[in-house]
Amino acid sequence: MMNQYIKELEQDPFDPDEFVERMVRRSMQECRFQDDQFDPETIHDIFKQAIQDLKVLQERQERKCARLEQAVQEEEKLYVAKLAEIMEQHSHCVNVFSSLDERMSRCGGRALDVGEKLGAARAPRARAAAARDLLSHLANFLSPGPVLTELFNDPNKLNEAADVIQKLYTISQELPPDKFEVAKKKIEAKYDEIERNLIEEFVKAQNQNNIAKMKDIANIMTDFKGYSQCVDAYIETSQMNSLLGKDIFAAVLPLCKKNYTVISNVFPNPDQVMSKFVLNIFHLKLQKYIQTKLADKNDLEKYLRNLYDMYTSTQKACDELVEANLVSADGNSSTGDLRQEALVNGALAGATDGYPALEIRRLKAVFSNALNAYYNEKQHVKKQIQGGGFQELRRDLQAVIGTRANINIAQIENYGGETFLSEKLVQKMLNDSKTSFTRCKTLCSSNELPGTTITLLEVLIQHLLIEHVDYALDLGLQSIPIAENKSPPQIHFFDTVNQANKIVKSFGEHFQESILPCMSKQGECIQRKNTITEQLENKLDAGLERAIAAIVGWVKLHLQTEQKKTDFKPEGDIDTLASPACIAVVSYLNTVMDKIHSELEGDNLNAVSLELAVRLHRVIYEHLQNFQFNSAGGVGPFDLTQLHTTAIRLQES
């Protein structure tokens, strides 16, 4: 039972109530009779024995705890004694270390002092030995005949010979020329020879990709006057078989990145060498390529297209170098724009000089050819149209006299309804203009850009709006029949108005997108645009006025000549049929209304419809006042309702 009690007491967590309950259950099982009765005495004895067992167990555990505490105390004493011994040893070691550190410091100071004294004593001896060697070599150059010293004739000692000859060359510059002229020439000759050998060895090492040897030679060459030749040799060798593909500009950045790594590892001044490397690309390689591309100036269109492509490609290559921090003015990336501009100008080598005149000439030629081709296709010969009030009066008088005398004096021609306006032609001209303004913004200098933009705008206005749109409006104005015409006037001017409005709208969009961005001061361009637009609007207004007058004039004339007096005073019953004059007028006005609604829009539609309706009301009213009619005629043949309804439809629209 002791082991059972220990297991239960060591449970975590320990519940005393649960422990007692388990004892009760075990006791009940042991003292239960056959009739489910139990003996309380037996239970009492069991609990009493359990209490005694627990007391014995408690005493045993207390003795065990006492032994363990005593053992811990003894071990603690041992550890404390050991720790004290270790601390004492540590203190002794610290003291010994401090003593050794002081002794080492004193020894180090003495050694440094001795070293400085030895160095000070050795330096004069080393300089003296070097001076002695230099004087020995100088004596060889002073002696007559060729220099046969092994140092200058052994290719394996080229670096050592270069160091000696460089010092001798510096000394020779201080010697008086009269007495040492021969020696100076021999030293200079050997100097040049060793310099050439160094450059040859450098190129050989470059071809072998021997970076370490290249670096050694470059460091030696920095003291030679031919150091720039070494740099040039590296650049020439690096660019020898490069930039030969179709897209030469795309190969610039990879080539520069590849060589910048080598330059940084070889040359002591990599930034200057890299600048010279890039300059050689733009001022030699790209310049030669661009000059070849721009050699043919016979085809002006192709030449300007190539010029723009070359400029933008060069600019793009420069931008890539600036982003890669390979191009700058003086090692400061913030001034890279100045460097970039110099590179682009150097590559183009003045190719943009005179560009504005070529662009203007090209645009004039393109516009002229397009207009001539269009009119030739229409088999139309352009006329010299004279404007002004006198010409308009003359035309009206000739038309009236011709109408009254039944003779065609005015020769009004409607060209079969042709408007001589082409949206396809206009779109082509605007595309050509956009190309010119895009190139102008890119290729012109800041001083050339404003003047060139204005000139190109004048060329566009002259050919598109004056020679094409304004000319078509003049033809449209002349083709409008006079108001006194006996036959129903065919008004094609509405078609002209529709197309002219679309063209002017396209011109306005092109003006905003392509022309204004080229100008910092936009007032002059806007004023010129507004002037020509107002001129075209005046002609459109004049043409619409003349068209309305022709329509209303014919209605008035037709009613006056074709309307019978008896139409308003019929005899007999009420006649509900419309008169022939009324039918003809209503049919014609319906055709005119359909034409106006299909060709005009916005304010033009509202203004023309309203003006035509007002004038028709006036004509009908004045016409009715000239007739007498009875009650049957008032609602019969003339059928005023049809004319009135037509006028109302126009006014409401």
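Thresholds applied
Residues numbered from 1 in each chain as written. Predicted model: local features only at pLDDT ≥ 70, side-chain atom pairs only at ≥ 80, totals over all residues. Heavy atoms only, no water. Helix = DSSP H or I, 4+ residues; strand = E, 2+ residues; numbered from the N terminus. Buried < 20%, exposed > 50% of the residue type's maximum accessible area, 1.4 Å probe, protein only. Contact = heavy atoms within 4.5 Å. Areas by Shrake-Rupley, 256 points an atom, 1.4 Å probe, with all protein chains shown as cover. UniProt positions renumbered as here; feature names shortened; annotations may be inferred. Phe/Tyr/Trp six-rings, centres within 6.5 Å; stacked < 30°, edge-to-face > 60°. Core = buried A, V, L, I, M, F, W, Y, C linked by side-chain atoms within 4.5 Å. 1 Å grid on protein atoms, 1.4 Å probe; cavity = no way out; pocket = protein on both sides within 12 Å on 5 of 7 lines; lining within 4 Å. Points joined across faces, edges and corners; volume = space filled by probe spheres on them. Nonpolar A, V, L, I, M, F, W, Y, C, P; charged D, E, K, R; others polar. Axes fitted to C-alpha atoms, helices over the stretch in contact; angles between N-to-C directions. Parallel < 35°, antiparallel > 145°, perpendicular 65-115°, else oblique. Salt bridge = Lys/Arg side-chain N within 4 Å of Asp/Glu carboxyl O. Patch = residues over 30% accessible without salt bridge, like charges linked within 9 Å, V, L, I, M, F, W, Y side chains within 5 Å. Lys, Arg positive; Asp, Glu negative; His and termini not counted. Charge placed at Lys NZ, Arg CZ, Asp CG, Glu CD. Expected span 1.5 Å × (residues − 1). Polar contact = N/O pair within 3.5 Å; in protein donor to acceptor, adjacent residues only side chain to side chain. pLDDT = per-residue confidence, 0-100.

Quick word on the overall build of the chain
Argument step 1. Summing up its helical and strand segments, the chain has 22 helices and zero strands in all.
Argument step 2. Each of the 653 residues in the chain was classed as buried or not, and the buried ones make up 37%.
Argument step 3. Taking all contacts inside the chain whose residues are at least 6 apart in sequence as the whole, residues at least 24 apart take part in 77%.
Argument step 4. If you sum the accessible surface of the chain, you get close to 38,800 Å²; carbon and sulfur atoms cover 51% of it.

Considering the UniProt feature "coiled-coil region" (unreviewed entry) in the chain
Argument step 1. As annotated by UniProt and renumbered to match this structure, "coiled-coil region" (unreviewed entry) occupies residues 51-85.
Argument step 2. Helix makes up 100% of residues 51-85 and strand 0%, and the two end C-alpha atoms of the span are 51 Å apart.

Comments concerning the environment of alanine 613
Argument step 1. Here alanine 613 is to be found in helix 20 (residues 602-625).
Argument step 2. For the pair alanine 613 and isoleucine 548, spaced 65 residues apart in the sequence, the C-alpha separation amounts to 9.8 Å.

Concerning the packing of aromatic side chains
Argument step 1. What the rule picks out here adds up to 10 aromatic pairs.
Argument step 2. Aromatic side chains tyrosine 234 and phenylalanine 267 sit 5.5 Å apart centroid to centroid with 75 degrees between the ring planes, which places their arrangement in the edge-to-face category. Placement of tyrosine 234 in helix 8 (residues 227-238) and of phenylalanine 267 in the loop between helix 9 (252-266) and helix 10 (270-293) is noted, with a sequence separation of 33 residues between them. Summarising the burial analysis for this pair, tyrosine 234 and phenylalanine 267 share the class buried.
Argument step 3. Geometrically, the ring pair formed by phenylalanine 249 and tyrosine 289 is edge-to-face, given 5.9 Å between the ring centres and 75 degrees between the ring planes.

Regarding the nonpolar core
Argument step 1. The biggest cluster of nonpolar side chains holds 134 residues, and the ones touching the most others in it are Phe267 and Phe282.
Argument step 2. With near-sequence residues (within four places) excluded, phenylalanine 267 lies in contact with Phe202, Ala218, Tyr227, Cys230, Val231, Tyr234 and Val273.

Things to note about empty space enclosed by the protein
Argument step 1. Going through the model one piece at a time under the given rule, you end up with one cavity of 30 Å³ or more.
Argument step 2. The wall of the largest cavity is formed by Asn414, Tyr415, Glu418, Thr419, Phe420, Ala472, Leu475, Gly476, Ser479, His492, Phe493 and Thr496.
Argument step 3. Contributing elements (two or more residues each) for the lining of the largest cavity: helix 16 (448-479) and helix 17 (493-515).
Argument step 4. Sorting elements by how many residues they give to the lining of the largest cavity places helix 16 first, with four residues.
Argument step 5. Taken together, the residues of the lining of the largest cavity sort by class into five nonpolar, six polar and one charged.

Things to note about the side chain of threonine 452
Argument step 1. Take threonine 452: it is sitting in helix 16.
Argument step 2. The residues contacting threonine 452, other than those within four sequence positions of it, are Pro356, Cys440 and Cys444.

Considerations on the packing of helix 16 against helix 18 (residues 523-562)
Argument step 1. Where helix 16 contacts helix 18, the two axes come as close as 10 Å, and the packing angle between them is 5 degrees. Comparing the axis directions of helix 16 and helix 18 gives the class roughly parallel. Touching Ile454, Leu457, Glu458, Ile461, Leu465, Ile466, Val469, Asp470, Leu473, Asp474, Leu477 and Gln478 of helix 16 are Glu524, Cys525, Arg528, Ile532, Gln535, Leu536, Lys539, Leu540, Ala542, Gly543 and Arg546, all from helix 18.
Argument step 2. Of the residues in the contact of helix 16 with helix 18, the class split is 13 nonpolar, three polar and seven charged.

Digging into the pattern of salt bridges
Argument step 1. A complete count under the given rule lists 17 salt bridges for this structure.
Argument step 2. With a closest N to O distance of 3.2 Å, aspartate 432 and lysine 428 form a salt bridge. Here the residue aspartate 432 and the residue lysine 428 both occupy positions in helix 15 (residues 423-443), the gap between them amounting to four residues, near one helical turn.
Argument step 3. The salt bridge involving aspartate 470 is made with lysine 539; its shortest N-O contact spans 3.0 Å. Of this pair, aspartate 470 sits in helix 16 while lysine 539 sits in helix 18; the two residues are 69 residues apart in sequence, bridging distant segments of the chain.
Argument step 4. Here aspartate 470 falls in the buried class, since its relative accessible area comes to 7%.

A word on a positive patch on the surface
Argument step 1. Together, Arg60, Arg63, Lys64 and Arg67 make up a positively charged patch on the protein surface.
Argument step 2. Turning to its location among the elements, arginine 60 is positioned in helix 3 (residues 40-142).

Thoughts on helix 5 (residues 158-172)
Argument step 1. With 15 residues, helix 5 extends 20 Å between its outermost C-alpha atoms, agreeing within 8% with the 21 Å of an ideal straight helix rising 1.5 Å per residue.
Argument step 2. Within the sequence span of helix 5, burial applies to Leu158, Ala161, Ala162, Val164, Ile165, Gln166, Leu168, Tyr169 and Ser172.

Focus on unusual backbone geometry
Argument step 1. For asparagine 325, which is not glycine, the phi torsion reads 60 degrees and is therefore positive.
Argument step 2. Among the structural elements, asparagine 325 can be located in the loop between helix 11 (300-323) and helix 12 (336-348).
Argument step 3. At alanine 349, a residue that is not glycine, the phi angle is positive and equals roughly 55 degrees.
Argument step 4. Within the element layout of this structure, alanine 349 appears in the loop between helix 12 and helix 13 (355-377).

Regarding the packing of helix 7 (residues 211-221) against helix 9
When two helices pack together, their arrangement is given by the angle between their axes and by how far apart the axes lie.
Argument step 1. At a minimum axis separation of 8 Å, helix 7 and helix 9 run at an interaxial angle of 55 degrees. Classified by the interaxial angle, the pair formed by helix 7 and helix 9 is oblique. Within the contact between the two elements, helix 7 uses Ile211, Met214, Lys215 and Ala218 and helix 9 uses Val262, Asn265 and Val266.
Argument step 2. Across the contact of helix 7 with helix 9, the residue classes break down as five nonpolar, one polar and one charged.

Describing the side chain of serine 479
Argument step 1. With respect to the element layout, serine 479 can be found in helix 16.
Argument step 2. There is a polar contact of 2.8 Å between the side chain of serine 479 and the backbone oxygen of glycine 476.

Focus: the confidence of the model for the chain
Argument step 1. The share of residues in the chain with pLDDT of 70 or more is 79%, and the mean pLDDT across the chain is 80.
Argument step 2. Confidence drops under a pLDDT of 50 for residues 333-338, and excluding neighbours within four residues, the segment shows seven contacts in the predicted structure.

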